[in-house]
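Commentary on secondary and tertiary structure
Here are the chains, one letter per residue:
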Amino acid sequence: HAVTFAAGMAVEGAIPVVAIYSTFLQRGFDQIVHDCSLQHLPVVFALDRAGIAGNDGPTHHGALDLSYLRVIQDIVVMAPKDEQELRDMLFTAVNYKEGPIAFRYPRGEGYGVPMRKEFQQIPIGKAEAMRAGRDVAILAIGDMAWRAHQAAELLQSTDGISCEVVNARFAKPLDTEMIDDICTRFDKVMTVENNVVAGGFGSAVLEYVATQPYHQKVSIQVHGLPADEFIEHGNSEDLLAELDLMPEGIANVVRKFIGLPHGISHLVSV
């Protein structure tokens with residue numbers, strides 16, 4: 001009802017913001033498709049509890065939204081790396097008039113990054129370079145971006161591994177220029193997301209790369225939440241650590257990917 005009501009508001013010229021938990025929006029999937037996207041209506045979806053929701057329990061882990069939203073035609077899907085980028089994405093979303101737009105963010109506190117007084121428009125479908133590197137590239141989205149950056153610093157200091165880190169920002173549309181650049185400069189690329197690996201951001205990257213002439217020259221590792229497992233109740237950081245989605249775990253995934261001996265899990269390799 002909320003999604004359909006928001007569509008009606010958009011028809012009348014309002015800027016509706018449907019602020020809802022990621023798992024609850026699953027129940028309005030058909031309304032997003034038929035009432036918003038099919039009519040190209042500028043409805044904003046603000047998805048709280050995206051990814052691991054910790055002590056809210058397994059019913060509240062927003063493990064699926066990147067997957068179920070990106071299959072919908074005419075929708076933009078974003079995820080901010082921190083609280084400042086979240087503010088900019090809200091500003092970007094309410095000024096976007098081409099159709100529905102969604103941004104997802106996790107439960108909990110921000111990283112404590114410096115906050116600008118003014119808002120900035122984010123170019124639709126454009127990623128952000130966070131760290132230059134030469135050995136392996138990490139494409140991270142949402143709250144995994146800073147964790148991937150920390151993992152890269154750890155790998156540099158402990159193993160001498162130089163990682164390039166990109167804050168993807170968009171699961172749809174992808175920054176294909178960025179992907180082309182990365183995949184022509186690196187033969188090993190890893191994606192990281194706080195979403196199931198089935199159909200999420202990493203899958204989107206794989207789908208695009210498979211259509212490009214360089215696809216046989218690059219090895220891509222998709223890392224995220226397990227595709228066929230419900231995550232139980234627990235502290236968010238503890239759960240993410242168990243899933244190798246904290247900096248040390250991400251670093252271990254990279255080590256395994258490039259052939260260093262560290263045991264890890266929840267990987268999809270193509």
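Just above sits the structure.
The structure displayed is predicted, hence computed values, not measured ones.

A few words on the side chain of His-61. Within the secondary structure layout, His-61 lies in the loop between strand E2 (44-48) and helix H4 (65-70). At a separation of 3.2 Å, a polar atom in the side chain of His-61 contacts the main-chain carbonyl oxygen of Ile-231. Within the structure, His-61 has its side chain in polar contact with the backbone oxygen of Glu-232 (distance 3.1 Å). With residues near it in sequence (within four places) discarded, His-61 still touches Thr-23, Arg-49, Gly-51, Ile-52, Ala-53, Gly-54, Ile-231, Glu-232 and Leu-239.

So, about the pattern of salt bridges. Under the counting rule described, the total for this entry stands at 18 salt bridges. A salt bridge links Asp-159 to Arg-255, with the nearest nitrogen and oxygen atoms 2.9 Å apart. Of this pair, Asp-159 sits in helix H6 (residues 144-159) while Arg-255 sits in helix H10 (residues 247-257), placing them 96 residues apart in sequence. On the basis of relative accessibility, which here comes to 5%, the residue Arg-255 falls in the buried class. A network of salt bridges, in which partner residues are shared, links Lys-81, Asp-82, Glu-85, Glu-128 and Arg-169.

Before going further, it helps to spend a moment on the nonpolar core. In terms of nonpolar packing, the biggest core is built from 46 residues, with Phe-45, Leu-69, Ile-179, Val-189 and Val-209 touching the most fellow members. Contributions of two or more residues to this core are made by helix H1 (2-11), helix H3 (29-37), E2, H4, strand E6 (136-140), helix H7 (176-185), helix H8 (201-209) and strand E10 (219-225). The leading source of residues in this core is H8, at 6 residues. Of all hydrophobic cores here, the second largest spans 30 residues; its members include Met-190, Leu-243, Met-246 and Ala-251.

A word on the sheet that holds strand E1 (residues 17-21). The 5 strands are arranged E1-E2-E4-E3-E8 in an open sheet whose pairing can be described as mixed. At either end of the open sheet lies a strand with only one pairing partner, and these are E1 and strand E8 (170-172). Along the sheet, successive strands turn relative to each other by an average axial angle of 20°, direction set aside. Pairing of strand E3 (residues 76-78) with strand E4 (residues 101-104), which is carried by 3 bridges, proceeds in the parallel orientation. When the sheet's bridge partners are listed, Val-76 is paired in E4 with Ile-101. Strands E1, E2, E3 and E4 of the sheet are contacted by helix H5 (residues 83-94), whose axis makes an angle of about 170° with E4.

Reading guide: rules and limits
- Counting restarts for each chain, with residues numbered from 1 along the sequence as it is written.
- Per-residue local features are limited, in this predicted model, to residues with pLDDT of at least 70; the limit for side-chain atom pairs, both in listing and counting, is 80 or more; totals at the level of whole chains, interfaces and linings are taken over all residues.
- Think of the side-chain values as coming from all heavy atoms in the structure, minus any hydrogens and water.
- For helices the rule is a DSSP run of H or I covering at least 4 residues; for strands it is a run of E covering at least 2, with both sets numbered from the N terminus onward.
- Residues adjacent in sequence count toward polar contacts only when both atoms are side-chain atoms; beyond that, a polar contact is any pair of N or O atoms within 3.5 Å, and within protein one must be able to donate a hydrogen and the other to accept it.
- In this analysis, two residues are considered to be in contact whenever any of their non-hydrogen atoms come within 4.5 Å of each other.
- By definition here, a salt bridge exists when the distance from a side-chain nitrogen of Lys or Arg to a carboxyl oxygen of Asp or Glu is within 4 Å.
- Relative accessible area decides the class of each residue, using a 1.4 Å probe on protein chains only: under 20% of the type maximum gives buried, over 50% gives exposed, and in between gives partly exposed.
- Within this scheme, the nonpolar core is defined by two criteria: the residues are buried Ala, Val, Leu, Ile, Met, Phe, Trp, Tyr or Cys, and they are joined through side-chain atoms within 4.5 Å.
- Note on pairing: two strands pair once DSSP finds at least 2 bridges between them.
- To obtain each axis, a line is fitted to C-alpha atoms, and for helices this fit is confined to the stretch in contact; angles are then taken between N-to-C directions over 0 to 180 degrees.

Remember, this is a structural readout, not a statement about activity or role.
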